[in-house]
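A structural walkthrough
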Amino acid sequence: MKGSIQSEVQLKFIYDESRKRTVLSHRRAGGLCSISKPYWDRDVLGLQLVNPTAGLFSGDSLGMNVAIAKKAQVALTSPSAARYHTMPDGQALITQEFHIADHAWLDYWPEIIIPQKDSDVFQTTRIHLAKEASMVFLDSLAPGRIAHGENYQFRRLETCLEIYQNNDLVTKERTVLSPASGKWPLDVPGWDTCYYAAIWIAGNEASQTIEALQQEQSLSSEHTHCGASLLAPQLGVVRVIASSSLVLKKTTLHLRELIQKNLPQLAMSFRKI
């Protein structure tokens, strides 16, 4: 499609034994995704993924491949929300692949996705975890640009998530959201809007972490509902719905603090203004 951008991002992280630190050993980025200068916070290497075009347009295609080698510890975030702009026709495509080796760590904590009116995006995410790999992975979604009166007015948003542990597929989720197929499925009586987030927790601490969150009384309120589930011995998910973007952000950050009790790598500072 004329004016569209096709981009591929490749990032590889290794643990440098001579410096006793994680380093970015290979990088290829540009187009729809640039990266910040890496920085260390204790043992974790932080990196921000920046979208120079401030979002995706019709015909855009973004492929991202992240490989984290044995013992490396990485935190990835974004400085602002991911916007899917209005698309009179056509579709944008996103393909994400993450490979986390034994005794490696991934903290993936991007800002929220905001699909604008008439946008159409198909996103595929595959996460490959070695037997002794660990991860916390955030995925969050707004129903639209609420300040512009756009509540569930995007044309279509389709996502497919696959998580593999030790080469076994342990979970697969496919979601198709479209006003043409029915109303916003996350409506809650009394709420004008509904925002969603999922936090995936993988590794040896997953079971203990999920059990602790199931006992936590501070997560659900008049404006937020949370549920924590253990899907496999080393994989759990916490799902959140909230009545506003601010409530969702506060809740996910509170969850991050709670999860940090079992996974201290989450103490990473993202250095956002």
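Described in the following lines is the structure provided in the data block. Starting afresh in each chain, residues are numbered from 1 along the sequence in its written order. Whole-chain, interface and lining totals are the exception, using all residues; otherwise, since this is a predicted model, local features are given only for residues with pLDDT of at least 70 and side-chain atom pairs are given and counted only at 80 or more. Hydrogen atoms and water are omitted, and side-chain values are computed over all heavy atoms in the structure.

Points about the nonpolar core
Note the cut-off: We define a nonpolar core as any set of buried Ala, Val, Leu, Ile, Met, Phe, Trp, Tyr and Cys residues linked to one another through side-chain atoms lying within 4.5 Å. When a residue's accessible area, from a 1.4 Å probe over protein chains only, is under 20% of the maximum for its type it is buried; when over 50% it is exposed; and in between it is partly exposed. Any two residues whose heavy atoms approach within 4.5 Å at even a single point are treated as in contact.
In this structure, F13 and I100 are the most contacted members of the largest nonpolar core, which totals 52 residues. In contact with I100, not counting residues within four places along its chain, are I68, W105, L106, I127, H128, L129, A130, A133, S134 and M135. Within the second largest apolar cluster, 30 residues are counted, among which are A75, V136, Y195 and A242.

Some words on the pattern of salt bridges
For clarity, the threshold we go by: By definition here, a salt bridge exists when the distance from a side-chain nitrogen of Lys or Arg to a carboxyl oxygen of Asp or Glu is within 4 Å. Under the DSSP-based scheme used, a helix requires at least four consecutive residues in state H or I and a strand at least two consecutive residues in state E, with every element numbered from the N terminus.
Here the structure, examined in full by the defined rule, presents 15 salt bridges. The salt bridge partner of D120 is R155, with a shortest N-O separation of 3.7 Å. Taken together, the residues D120 in strand β12 (residues 120-129) and R155 in the loop between β13 (134-141) and β14 (156-165) connect sequence positions 35 residues apart. Salt-bridge contacts for E158 lead to R174; the nearest nitrogen and oxygen are separated by 3.0 Å. A residue pair is termed long-range when its members are at least 10 positions apart, and E158 in strand β14 and R174 in strand β15 (residues 168-177) qualify at 16 residues. Look at the salt bridges and you will find they share partners, linking E97, R126, E162 and K172 into a network.

Re the packing of aromatic side chains
Stated precisely, the cut-off is as follows: Two rings belonging to Phe, Tyr or Trp (six-membered ring only in the last case) form a pair when the distance between their centres is within 6.5 Å. Interplanar angles under 30 degrees mark stacking, angles over 60 mark edge-to-face geometry, and anything in between is tilted. A ring has a charge above it when a Lys NZ or an Arg CZ is no more than 6 Å from the ring centre and no more than 35 degrees off the ring normal.
What the rule picks out here adds up to four aromatic pairs. For the ring pair F98 and F137, a centre distance of 5.4 Å and an interplane angle of 85° mean the geometry is edge-to-face. Taken together, the residues F98 in strand β9 (residues 92-100) and F137 in strand β13 connect sequence positions 39 residues apart. The pair formed by F98 and F137 is uniform in burial state, with each residue classed as buried. Through a chain of ring-to-ring contacts, three or more aromatic side chains come together here, namely F98, Y108 and F137. Directly above the ring of W40 sits R21, whose terminal nitrogen or CZ lies 4.1 Å from the centroid. A cation sits over an aromatic face here: R256 above W109, 4.7 Å from the ring centre.

Some points on the pairing of strand β1 (residues 6-16)
Note the threshold: DSSP bridges decide pairing: two strands pair if at least two such bridges lie between them.
Here β1 runs beside strand β6 (residues 61-68); their pairing, made up of eight bridges, is parallel. Each residue of the ladder has a partner; that of V9, found in β6, is M64. Relative to strand β2 (residues 21-28), β1 runs antiparallel, the two sharing seven bridges. When the sheet's bridge partners are listed, Y15 is paired in β2 with T22. Between the antiparallel neighbours β1 and β2 lie four residues, among them K20 with a positive phi of about 55°.

Considering the pairing of strand β5 (residues 44-50)
The element β5 is extensively covered by neighbouring structure, given that six of its seven residues are classed as buried. Where strand β3 (residues 34-35) and β5 come together, two bridges link them in antiparallel fashion. In the sheet register, I35 faces β5, and the bridge partner there is L49. Both strand β4 (residues 39-41) and β5 contribute to a ladder of three bridges, which runs antiparallel. Across the sheet, the residue bridging to Y39 is G46, located in β5. Counted along the chain from β4 to the antiparallel partner β5, the turn is two residues long, and its residue R42 has a positive phi close to 60°. Where β5 and strand β7 (residues 73-77) come together, four bridges link them in parallel fashion. Across the sheet, L45 pairs through a bridge with V74, a residue of β7.

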